[in-house]
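Report on the structure
Here is how the chains run, residue by residue.
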Amino acid sequence: MKKMFAAAALAASLAAHGSQEAMQQVLNTWQQQVTAYEETLKAADSDAARAALTPPNARDIAPQLWQSINARTGTRPNPKGKGTIPTFEFDKPWALPAIVWILEHQQAFTAAFTDEEQAQLTWFGNAIVDSLSRVHFSSPGVGAVCPSLAATSSVREYEILQKIYQRNQNKGARACAALGMSLMLNNPMVNSVEGSESMARAKRVYYLKQSILLSDKETRFGSQPLTEVAMEQAYYLRHLAVGCIAPQIAVRDQEGVEHRFPITQKPNLLIFWSPSDPAGTAMVRDIDKLKAQYPGIEICPIMPHSTPEEQQKALQELGIASSFTDNAQGTAGITYRVDELPTVVLISKRSTILYGGAPDIKLQNALETIKAEEEAAAKANRPKVYIKEAPTPAPAPAPEPAKDSEVPALREMPQF
């Protein structure tokens, strides 16, 4: 209740009142800036000239855009109990383009709030997402917001995509929602809502197929054609999802000798890292400890391509003994679709993927599971040693009672 009144007070304190015209003017200004930057970038004749260009700053736009849609419009019944909660202009259908922009530029949106207003940022962020579920889910243009929703790991956003897919009449919007759900189901935090892992995998494939069937060549998913994103998802489901046979890659050691991973018949841990990444560097620097803790796992650190001299210098400066190197085309990283560093891939001795992603507690649990299984297998295969016990000595025979003839005769009674 306190948050509700505080949010209402904040909205009332903002001087500028929103309007569709003001929103559109701000968005037009932003698009003009982006277009001008892209044209200048394309016309630049050198890498240095391109590097000197400054892209438009979303933080310059965010406060104006927020003010164009944040005016309070009234109240609505509180679905969680008695009373009412405030409504704002971003609850109106015409405000959807601003919501799309805000969710695409969330850091800039954060900057639109002063230090005194930061306490209300979460409330308004939740209210904006809630407006998608209540109002905007049926809009033909809501497909534009699906990539931002799919980039989260929240069940709430997954359910909004589900609502768009089921209740929107526009094929393009439904296609984007279907692809968004397929992508979100790659995340263990989301796929649990579908029950078992097998059911989640079936839904990933189903929604992927639906996205392709519902889309056309003009349908976009964020900045890319939807078909391109869908093909990447198909590659992931075929080659990189948990349970898939891990792709073979070739990397080189410091002497230039080629090695192929994963090595069959034993677990493998691929570590994609870069000397410029502190987290990956720390992990590779402690690789000897990792090997000692998990001696049955083949550990393969892979750094981006560099000349032998550059590689040697980087490793010496970081105090790292050795690392494998990708080729100049980055084939290993592309094969495993590495888009952030460090990325790790844990592969079973049967060459199936057990885990892929950032090194976190899920990786730790998977490593411990492998270690426990190997220890149990080693114990079961250990030959049994049978020790022949010495025979128990027979108890000594009880002494036989003396014969009657051997009883000493009584002495004669002395006479007195």
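Residues numbered from 1 in each chain as written. Predicted model: local features only at pLDDT ≥ 70, side-chain atom pairs only at ≥ 80, totals over all residues. Heavy atoms only, no water.

**Remarks on the pattern of salt bridges**
This model, assessed by the stated rule, comprises 13 salt bridges. Among the charged side chains, a network of salt bridges with common partners joins Arg-76, Asp-91, Asp-130 and Arg-134. (Salt bridge = Lys/Arg side-chain N within 4 Å of Asp/Glu carboxyl O.)

**Comments concerning the packing of aromatic side chains**
Going through the model one piece at a time under the given rule, you end up with 16 aromatic pairs. Between the aromatic rings of Tyr-165 and Tyr-207, the centroid separation amounts to 5.6 Å while the plane-to-plane angle is 80°, which identifies the pairing as edge-to-face. Highlighted residues: Tyr-165 in helix H9 (residues 155–167) and Tyr-207 in helix H12 (residues 197–214), separated in sequence by 42 residues. Between Phe-261 and Phe-324, the aromatic rings sit 5.2 Å apart at their centres with planes inclined by 65°, giving edge-to-face as the arrangement. With a gap of 63 residues between them, Phe-261 in strand S6 (residues 258–261) and Phe-324 in strand S9 (residues 324–325) connect regions that are remote in the sequence. Classification of Phe-324 as buried rests on a relative accessible area of 15%. Ring pairing ties together the aromatic residues Trp-66, Phe-88, Phe-90, Phe-109, Phe-113, Trp-123 and Phe-124, which thus form one cluster. Arg-174 extends its terminal NZ or CZ atom over the ring of Tyr-165, reaching a point 4.7 Å from the ring centre. Positioned over the ring face of Tyr-235 is Arg-337, at 3.8 Å from the centre of the ring. (Phe/Tyr/Trp six-rings, centres within 6.5 Å; stacked < 30°, edge-to-face > 60°. Helix = DSSP H or I, 4+ residues; strand = E, 2+ residues; numbered from the N terminus. Buried < 20%, exposed > 50% of the residue type's maximum accessible area, 1.4 Å probe, protein only. Lys NZ or Arg CZ within 6 Å of the ring centre and 35° of its normal.)

**Some words on the packing of helix H7 (residues 121–134) against H9**
Two elements in contact, H7 and H9, have axes whose closest approach is 9 Å; the angle formed by their N-to-C orientations is 25°. Classified by the interaxial angle, the pair formed by H7 and H9 is roughly parallel. Of the two elements, H7 crosses H9, and the hand of that crossing is left-handed. Along its contact with H7, which presents Asn-126, Val-129, Leu-132 and Ser-133, the element H9 presents Arg-156, Glu-157, Ile-160 and Lys-163. Class assignment of the residues belonging to the contact of H7 with H9 gives a composition of 3 nonpolar, 2 polar and 3 charged. (Axes fitted to C-alpha atoms, helices over the stretch in contact; angles between N-to-C directions. Parallel < 35°, antiparallel > 145°, perpendicular 65-115°, else oblique. Left-handed = near helix turned anticlockwise from the far one by under 90°. Contact = heavy atoms within 4.5 Å. Nonpolar A, V, L, I, M, F, W, Y, C, P; charged D, E, K, R; others polar.)

**Describing a negative patch on the surface**
Judged by side-chain charge, Glu-368, Glu-373, Glu-374 and Glu-375 come together as a negatively charged surface patch. On the secondary structure map, Glu-373 appears in helix H18 (residues 361–381). (Patch = residues over 30% accessible without salt bridge, like charges linked within 9 Å, V, L, I, M, F, W, Y side chains within 5 Å. Areas by Shrake-Rupley, 256 points an atom, 1.4 Å probe, with all protein chains shown as cover. Lys, Arg positive; Asp, Glu negative; His and termini not counted. Charge placed at Lys NZ, Arg CZ, Asp CG, Glu CD.)

**Examining the side chain of Ser-323**
Its place among the elements puts Ser-323 in the loop between helix H16 (308–318) and S9. Residue classification places Ser-323 among the buried residues on the basis of a relative accessible area of 4%. Among the polar contacts made by the side chain of Ser-323, one reaches the side chain of Trp-273 at a distance of 3.0 Å. In this structure the side chain of Ser-323 is engaged in a polar contact, spanning 3.3 Å, whose partner is the backbone oxygen of Pro-301. Other than its neighbours up to four places away in sequence, Ser-323 contacts Arg-252, Asp-253, Gln-254, Trp-273, Pro-301, Ile-302, Met-303, Gln-311 and Leu-315. (Polar contact = N/O pair within 3.5 Å; in protein donor to acceptor, adjacent residues only side chain to side chain.)

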